[in-house]
Amino acid sequence: METKLGLSEERIQKARELAARIVEPVMAFVAEHTSVTVERATLRLAGADGADADGVPVPNLVVDQCKGLLENGALIYYVNALVRTGETVQGLNRLIAGGLNVASLPLGDRAALEAKARTLVEAFAARVKANRGHRDAKLEAYKGRNHSPLLYVIVATGNIYEDRKQAVAAAEQGADVIAVIRTTAQSLLDYVPYGPTTEGFGGTYATQENFRIMREALDEVVDRQGRYILLTNYCSGLCMPEIAAMGALERLDMMLNDSMYGILFRDINMYRTFVDQKFSRMINAYAGIIINTGEDNYLTTSDAVEKAYTVLASQFLNERFAYAAGLPARLMGLGHAFEMDPTLKNGFLLELAQAQMAREIFPEAPLKYMPPTKFMTGDIFKGLAMNSMFNFVSKLTGQGIHLLGMLTEAIHTPFMMDRFLALDNAKHVMNTMEGLADEIEFKRDGVIATRARKVLEETVEFLESIDRIGLMPAIAQGHFADIKRPADLGKGLDGLQKKGPDYFNPFEAYLKNELNLAD
Amino acid sequence: MIIRPYGDTLDDGSVQLSFTLPVPDGPKGREAARQFTEKLGFSHVDIVHSTPLSDGFSMYVAYGKTATGIDYDTIHVEDATGEKVYTMEEADAAVREHFGRKLVVVGACTGFDAHTVGIDAIMNMKGYNHHFGLERYAGLETYNLGAQVPNDKLIDYALKVNADAILVSQIVTQKDVHIQNLTELIELLQARNLRERFVVCAGGTRIGNKLAVELGFDAGFGKGSYAEHVATFIIDKLIERKQTH
């Protein structure tokens, strides 16, 4: 890509080297551990599904039964139960929901269990490959029909059937990406609810059935409109890899999936998060799912001008964590946001510098650009103007995924017309300036290029300081987002498990092999 | 004095509206929008714009004139703070003068609400919109517990640090979840016989002083509130309590 900012290749390279060094010891820890949700995700990939009469999901029932045995992985007991009972996966799920304890059955011949597990891996691989094939075929058939950047909107009624109506309407109005935002409580649940849901606060539960319902509805629009509609959900919180598993099975196309977001903003234990994010990203990588990272969150707690370097630093770290989980750059929707104080003189130039800088440093990544939220007020007219400027920067700097700002951002979850006005605004701005980027160069010593160089330099300095301290101690000391998260605190630590010598997880092994990851 | 909306002439009563109807766009939809606006009490209704949102939904921009007026002289509002709002320096001086120690303030976003933007705007050092947050006040010792804090944990923490005031932010209001959550905090305080132990304030974009007081809080802070409003209320309330005890 042609550079307009004159950023130093050497400094960019330096930042990448630092990120690699910072991430490496974390990945060494990750390799030796699993967690309850990694095990449940593995079971889900094998076909474990359903829930008992109290609504406890089958994967949770199995992992709970394996208490004290989890160093071996939960899958071996599930597979053993399949062989012992001679049941199908669905049949076994019903038995477990009815009270069968798979951990109470004596383990059979290892070779037979491994052979049975192989058939489950093959079934999973066939299903996900078919999903990838379907997506690729539609994207090819309808090539050039999506907007650039992809226009991304959120639906959030709490009721999947109401969401479906709003999503279809938004897709018909031109949205390329539909995200079903989750109910506010879900990230802290250590299970994924089962079945379709109609109640939620500020969002809708992510369940496999809800994924299926929305996918089916959007697929109808895809063929009607001749445009592929990408479905997005939130692969974060205490069930990160399980959401990834469900998304892979039901052909979601994007997942919010940050390496550190849960630690900082949801107070989830850091060991647990690092273990969970790796497996979730491996699943996303194999399923061809674009991850969206959450750098925008740094700017909701810290100032977007002063702390711009934390965004770039996090992008480098997220990139490194993503590579370590087998994600190619084209699936890395690295995040950032248009969150500077609108009263700041020349603030627009600084926003432009940040967006152009991200574009040039991560040329292949479909960057995820988030709209103004922090300085949105009840003044919907000003809000619309701010969103227009955001749309302008996004188009000018060639962002990949553009989350549309809503003029009613600070007021309520969007009305149907709010979403329409946002789409209309984006299409208007982006169409009228389609070729502008090719016409524009920045002065080498102007405000924009100077600002980008400064942020890059501050990022290198920040990464150097993290490298000296170590990532986990740095998080504990509050170097990210001004939030302190000690290593031994936070939610979900009790769900962490060191792998034993007989740890069995052929899904993990298969994914590593497919993604060319070393053991 | 009777007042009406002002378009470009006094008492013209001009109002602009925009809304969506669950019907297709077209002459019938526009007529429905016109009649609907008339039924709201507007005359001279003009549907100046309509557009389809999808097959079965359409959006309208309407103008109308209203004869309805409001007697401005009878309007009464109850804000948590009166006319006098301390600057940060005045607040710190008042704390020094009346208490001779720092006042302790604990804040959180409670329940499942993950939106810290409100509590951060009031408490964080930097504050919001060029109004410094409570952390910066020399007279205050502040603890921002962040998001998704259970009500009982918030109370425990307030006891632990010997707080003078508790601040609760609620942004998510879907299905009135904030009402349940705020009510629960007051009930828990009452059950533990601690309601009078603290000055308790609620805040959020959809929370006004009136609502908060109805729910049993000492005050509520909605849109347009900054740290100095909250600080002023806490300080004055504590001075008042000191003087009556």
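What counts and how
- Residues numbered from 1 in each chain as written.
- Chains lettered and ligands numbered in written order.
- Predicted model: local features only at pLDDT ≥ 70, side-chain atom pairs only at ≥ 80, totals over all residues.
- Heavy atoms only, no water.
- Helix = DSSP H or I, 4+ residues; strand = E, 2+ residues; numbered from the N terminus.
- Rg over C-alpha atoms; globule rule 2.2 N^0.38 Å.
- Buried < 20%, exposed > 50% of the residue type's maximum accessible area, 1.4 Å probe, protein only.
- Contact = heavy atoms within 4.5 Å.
- Areas by Shrake-Rupley, 256 points an atom, 1.4 Å probe, with all protein chains shown as cover.
- Salt bridge = Lys/Arg side-chain N within 4 Å of Asp/Glu carboxyl O.
- Domains from an automatic or database assignment.
- Buried area = accessible area lost by both parts, 1.4 Å probe.
- Polar contact = N/O pair within 3.5 Å; in protein donor to acceptor, adjacent residues only side chain to side chain.
- Nonpolar A, V, L, I, M, F, W, Y, C, P; charged D, E, K, R; others polar.
- Phe/Tyr/Trp six-rings, centres within 6.5 Å; stacked < 30°, edge-to-face > 60°.
- Lys NZ or Arg CZ within 6 Å of the ring centre and 35° of its normal.
- Pairing = 2+ DSSP bridges.
- Expected span 1.5 Å × (residues − 1).
- Bend = angle between axes of the 7 residues up to and from the residue.
- Axes fitted to C-alpha atoms, helices over the stretch in contact; angles between N-to-C directions.
- Core = buried A, V, L, I, M, F, W, Y, C linked by side-chain atoms within 4.5 Å.
- Parallel < 35°, antiparallel > 145°, perpendicular 65-115°, else oblique.
- Left-handed = near helix turned anticlockwise from the far one by under 90°.

**A look at the overall build of chain B**
Part 1: Counting secondary structure elements, chain B contains seven helices and ten strands.
Part 2: At 23 Å, chain B has a C-alpha radius of gyration far larger than the 18 Å of a compact globule built from 245 residues.
Part 3: Counting over 245 residues, chain B shows a buried share of 47%.
Part 4: Partitioning the intrachain contacts of chain B with sequence separation of at least 6 by distance along the chain shows that 65% fall at a separation of at least 24.
Part 5: Accessible surface, chain B as shown: approximately 12,800 Å² in total, 54% of it carbon and sulfur.

**A word on the pattern of salt bridges**
Part 1: Going through the model one piece at a time under the given rule, you end up with 38 salt bridges over all chains.
Part 2: A salt bridge links Arg34(B) to Glu38(B), with the nearest nitrogen and oxygen atoms 2.8 Å apart. With Arg34(B) and Glu38(B) both in helix H1 (residues 27-39) and four residues apart, the pair spans about one turn of that helix.
Part 3: With a relative accessible area of 26%, Arg34(B) lands in the partly exposed category.
Part 4: Between Arg192(B) and Asp156(B) there is a salt bridge whose closest N-O contact spans 2.8 Å. Highlighted residues: Arg192(B) in the loop between helix H5 (177-191) and strand E9 (199-203) and Asp156(B) in helix H4 (residues 151-160), separated in sequence by 36 residues.
Part 5: Because the salt bridges share partners, they merge into one network encompassing Arg40(A), Arg44(A), Asp190(A), Glu242(A), Arg272(A) and Asp276(A).

**Comments concerning the domain arrangement of chain A**
Residue and element names in this part refer to chain A.
Part 1: Split by domain assignment, chain A resolves into domain 1 (35-122) and domain 2 (145-450).
Part 2: Between the C-alpha centres of domain 1 and domain 2 there is a distance of 35 Å.
Part 3: Between domain 1 and domain 2, the buried area comes to about 1,300 Å², and carbon and sulfur atoms account for 64% of it.
Part 4: It is Thr37, Arg44 and Leu45 that lose the most area in domain 1 upon contact with domain 2, and together they represent 40% of the buried surface on that side.
Part 5: Our enumeration of links across domain 1 and domain 2 arrives at three salt bridges.
Part 6: Arginine 44 is the salt-bridge partner of glutamate 242, the closest N and O atoms lying 2.9 Å from each other.

**Quick word on the interface of chain B and chain A**
Part 1: The interface of chain B with chain A comprises 28 residues on the first partner and 33 residues on the second.
Part 2: Across the chain B to chain A interface the summed buried area is about 2,300 Å²; carbon plus sulfur atoms make up 57%.
Part 3: Applying the counting criterion to the chain B and chain A interface returns zero salt bridges.
Part 4: On the surface where chain B and chain A come into contact, there are two residue pairs in polar contact (both at pLDDT 80 or more).
Part 5: Across the side of chain B that touches chain A, the residue classes tally to ten nonpolar, twelve polar and six charged.

**What to know about the packing of aromatic side chains**
Part 1: As enumerated under the stated definition, the model contains 17 aromatic pairs over all chains in all.
Part 2: A centroid spacing of 5.2 Å and a plane angle of 65 degrees characterise the contact between Phe19(B) and Phe36(B), whose relative ring orientation is edge-to-face. Of this pair, Phe19(B) sits in strand E2 (residues 14-21) while Phe36(B) sits in helix H1, placing them 17 residues apart in sequence.
Part 3: A relative accessible area of 12% places Phe19(B) in the buried class.
Part 4: Site record: aromatic cluster; members linked through ring pairs are Phe124(A), Tyr286(A), Phe507(A) and Tyr510(A).
Part 5: Of note, Arg132(A) hangs over the ring of Tyr286(A), and the distance from its end group to the ring centre comes to 4.9 Å.

**Here's the deal with the pairing of strand E4 (residues 57-65) of chain B**
On a regular strand, one side chain projects to one face of the sheet and the next to the other, so that they alternate.
Residues and elements named next belong to chain B.
Part 1: When E2 meets E4, the two strands line up antiparallel, connected through eight bridges. Bridge assignment links valine 15 to a residue of E4, and that residue is glycine 64.
Part 2: Bridge analysis of strand E3 (residues 43-54) against E4 gives eight bridges, and the strand direction is antiparallel. Residue pairing in the sheet places proline 52 in a bridge with serine 58 of E4.
Part 3: Here E3 folds back onto E4 in antiparallel fashion, the turn holding two residues.

**Here's the deal with helix H1 (residues 9-31) of chain A**
Residue and element names in this part refer to chain A.
Part 1: End to end, H1 covers 32 Å across 23 residues, agreeing with the expected 33 Å (1.5 Å per residue, within 8%).
Part 2: At glutamate 24, H1 shows its strongest bend, of approximately 30 degrees, with the proline proline 25 following within four residues.
Part 3: Residues of H1 that are buried include every one of Arg11, Ile12, Ala15, Leu18, Ala19, Ile22, Val23, Val26, Met27, Phe29 and Val30, and no others.

**Digging into the sheet that holds strand E7 (residues 332-333) of chain A**
Residues and elements named next belong to chain A.
Part 1: Strands sit in the order E7-E6-E5-E4-E3-E2-E10-E9-E8 across an open sheet of nine strands; the sheet is parallel. Of all strands in the sheet, those bounded by a partner on one side alone are E7 and strand E8 (335-337).
Part 2: Note that strand E2 (residues 150-155) and strand E3 (residues 177-180) share four bridges and pair parallel. Pairing of valine 153 across the sheet is with isoleucine 178, part of E3.
Part 3: The strands that helix H14 (residues 347-361) touches are E8 and strand E9 (368-370); relative to E8, the one it contacts most, it runs at about 170 degrees.

**A short note on the nonpolar core**
Part 1: Ranked by internal contacts, the top residues of the largest apolar core, which has 176 residues, are Tyr78(A), Phe274(A), Phe316(A), Leu471(A) and Phe480(A).
Part 2: Two domains share this core, each providing at least three of its residues, namely domain 1 (35-122) and domain 2 (145-450) of chain A.
Part 3: Phe480(A) has contacts with Met260(A), Leu264(A), Tyr298(A), Leu317(A), Phe462(A), Ile466(A), Leu471(A), Ala474(A) and Ile475(A), leaving out every residue within four places of it along the chain.
Part 4: Counting residues in hydrophobic clusters, the runner-up holds 29 residues, among them Ala94(B), Val105(B), Phe233(B) and Ile239(B).

**Remarks on the packing of helix H3 (residues 58-65) of chain A against helix H5 (residues 89-97) of chain A**
Residues and elements named next belong to chain A.
Part 1: Running from amino to carboxyl end, H3 crosses H5 at an angle of 65 degrees, the nearest separation of the two axes being 10 Å. Between H3 and H5, the interaxial angle falls into the category roughly perpendicular. When you trace H3 past H5, the crossing you get is left-handed. Contact residues: H3 offers Val58, Leu61, Val62 and Gln65, while H5 offers Asn93, Ile96 and Ala97.
Part 2: Class assignment of the residues belonging to the contact of H3 with H5 gives a composition of five nonpolar, two polar and no charged.

**Overview of helix H18 (residues 447-469) of chain A**
Residues and elements named next belong to chain A.
Part 1: For H18, which comprises 23 residues, the first-to-last C-alpha distance of 33 Å matches the rise-based estimate of 33 Å (1.5 Å per residue) to within 8%.
Part 2: Turning to H18, its buried residues number three or more, namely Ile448, Ala449, Arg451, Ala452, Val455, Leu456, Thr459, Val460, Phe462, Leu463, Ser465 and Ile466.
Part 3: Those residues of H18 that are buried are in contact with H1, helix H13 (308-324), H14 and helix H19 (471-476).
Part 4: Of the residues one or two after H18, glycine 470 is the one with positive phi, at around 100 degrees.

**Considering the domain arrangement of chain B**
Part 1: Domain boundaries in chain B define domain 1 (2-70) and domain 2 (88-244).
Part 2: Computed from C-alpha atoms alone, the centre-to-centre distance between domain 1 of chain B and domain 2 of chain B is 41 Å.

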